[in-house]
Amino acid sequence: AQTVTQSQPEMSVQEAETVTLSCTYDTSESDYYLFWYKQPPSRQMILVIRQEAYKQQNATENRFSVNFQKAAKSFSLKISDSQLGDAAMYFCAYSQRSGNQFYFGTGTSLTVIP
Amino acid sequence: EPEVTQTPSHQVTQMGQEVILRCVPISNHLYFYWYRQILGQKVEFLVSFYNNEISEKSEIFDDQFSVERPDGSNFTLKIRSTKLEDSAMYFCASSPTGEVWEQYFGPGTRLTVT
């Protein structure tokens, strides 16, 4: 069964600093997707970044980058130059390549300190 | 930018009552989903819906649950006889293609069963 674990319920970071959110997952599949979603308070969950398991290169989207370690089944999110607008709940998620549903972690609540 | 909307944002109901959660997907989307998150736990997939029928459902989605697209714009989740353990945040999502990374989420409806 696929499981996604986020071991940090809460994290905080000073504005302009860098923070890394951790995520591990378990699967017997070799081809799958991993995602980080951001949910600001009372707002929609939006896709931050996506990684395809067959790609060795780590995905990057502006200030957001991932460290994908396939053998270790680890998928961490690094936020550089943190901004106040980055404060949100961050969910790590997994999907089989052929699937249409997500398996989510429990989320990490990120606070950005001015 | 088009968004998935959900109403109400918070619903309180008594145990045993029927409740309908409403979602308005993005207008040209064809695939629809419901997820739920019990407080402190993972976001869990409930059901996917395409071409006016359920395409996939999880073990959680038992006979107490049903979905409907009554008028071509709304997508509803009905819980026939609510239980205390149905208290959760319920998220609707829609997708134009059925690709998992193209799911757009609504802000959620918090259901409290008393």
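Residues numbered from 1 in each chain as written. Chains lettered and ligands numbered in written order. Predicted model: local features only at pLDDT ≥ 70, side-chain atom pairs only at ≥ 80, totals over all residues. Heavy atoms only, no water.

Novice: Could you give an account of the environment of B:Val19, with specific residues and numbers?
Specialist: Residues and elements named next belong to chain B. Looking at the element boundaries, Val19 is found in strand S3 (residues 19-24). When the C-alpha positions of Val19 and His29 are compared, they lie 25 Å apart, and in sequence the two are 10 residues distant. Excluding anything up to four places from it in sequence, Val19 contacts Gln11, Leu77, Lys78, Ile79, Thr82 and Leu111. (Helix = DSSP H or I, 4+ residues; strand = E, 2+ residues; numbered from the N terminus. Contact = heavy atoms within 4.5 Å.)

Novice: Can you tell me about the environment of B:Gln11, naming the residues and giving the values?
Specialist: All names here are of chain B. Inspection of the secondary structure puts Gln11 in strand S2 (residues 10-13). Using a relative accessible area of 23% as the deciding quantity, one classes Gln11 as partly exposed. Note: C-alpha distance between Gln11 and Pro70 (59 residues apart in sequence) is 21 Å. (Buried < 20%, exposed > 50% of the residue type's maximum accessible area, 1.4 Å probe, protein only.)

Novice: Please provide a residue-by-residue account of the packing of aromatic side chains, values included.
Specialist: Using the criterion set out here, one finds 26 aromatic pairs over all chains in the structure. Measuring from ring centre to ring centre gives 6.2 Å for A:Phe91 and A:Phe104, while their planes differ by 85°; the resulting arrangement is edge-to-face. Separated by 13 residues along the polypeptide, A:Phe91 in strand S10 (residues 88-96) and A:Phe104 in strand S11 (residues 103-104) bring together distant segments of the chain. As far as the burial class goes, A:Phe91 and A:Phe104 line up, both buried. An aromatic cluster is built from A:Tyr33, A:Phe35, A:Tyr37, A:Phe91, A:Phe102, A:Phe104, B:Tyr35, B:Phe45, B:Trp101 and B:Phe105, whose rings are joined through pairwise contacts. The ring of B:Trp101 carries the charged tip of A:Arg50 above its face, separated from the ring centre by 4.2 Å. (Phe/Tyr/Trp six-rings, centres within 6.5 Å; stacked < 30°, edge-to-face > 60°. Lys NZ or Arg CZ within 6 Å of the ring centre and 35° of its normal.)

Novice: I'd like to hear about the sheet that holds S3(B), residue by residue, with values.
Specialist: All names here are of chain B. Strands sit in the order S1-S3-S8-S7 across an open sheet of four strands; the sheet is antiparallel. The sheet is open, and its two edges are formed by strand S1 (5-7) and strand S7 (65-68), each paired on a single side. In this sheet, neighbouring strand axes are inclined to one another by 20° on average, regardless of whether the strands run parallel or antiparallel. In the sheet, S7 pairs with strand S8 (residues 75-79) via four bridges, with the strands oriented antiparallel. Pairing of Glu68 across the sheet is with Thr76, part of S8. (Pairing = 2+ DSSP bridges. Axes fitted to C-alpha atoms, helices over the stretch in contact; angles between N-to-C directions.)

Novice: Provide a residue-level description of the state of the cysteines, including the pertinent values.
Specialist: Inspection of the entire model under this criterion finds two disulfides over all chains. The residue that forms a disulfide with A:Cys23 is A:Cys92, at a sulfur-sulfur distance of 2.0 Å. Its S-S torsion of about -70° marks the bond between A:Cys23 and A:Cys92 as left-handed, since a negative value means left-handed. Placement of the pair is A:Cys23 in the loop between strand S3 (19-21) and strand S4 (24-26) and A:Cys92 in strand S10, with a sequence separation of 69 residues. Judged by its relative accessible area of 2%, A:Cys23 falls in the buried class. According to the relative accessible area criterion, A:Cys92 is buried, its value standing at 0%. Between the sulfur atoms of B:Cys23 and its disulfide mate B:Cys92 the distance is 1.9 Å. Note on the B:Cys23 and B:Cys92 pair: the S-S dihedral is about -65°, so by sign convention the disulfide is left-handed. With a gap of 69 residues between them, B:Cys23 in strand S3 and B:Cys92 in strand S9 (residues 88-95) connect regions that are remote in the sequence. (Disulfide = S-S within 2.5 Å.)

Novice: Describe the pairing of strand S11 (residues 109-113) of chain B, listing the residues and the values that go with them.
Specialist: It is a general feature of regular strands that their side chains alternate between the two faces of the sheet. All names here are of chain B. Covered by surrounding structure in S11 are Thr109, Leu111 and Val113 only, the residues Arg110 and Thr112 on the alternate face being uncovered. As paired elements, S2 and S11 share four bridges and run parallel to each other. Bridge pairing links Thr13 to Val113 in S11. Here S9 runs beside S11; their pairing, made up of three bridges, is antiparallel. The residue bridging Met89 from the neighbouring strand is Arg110, located in S11.

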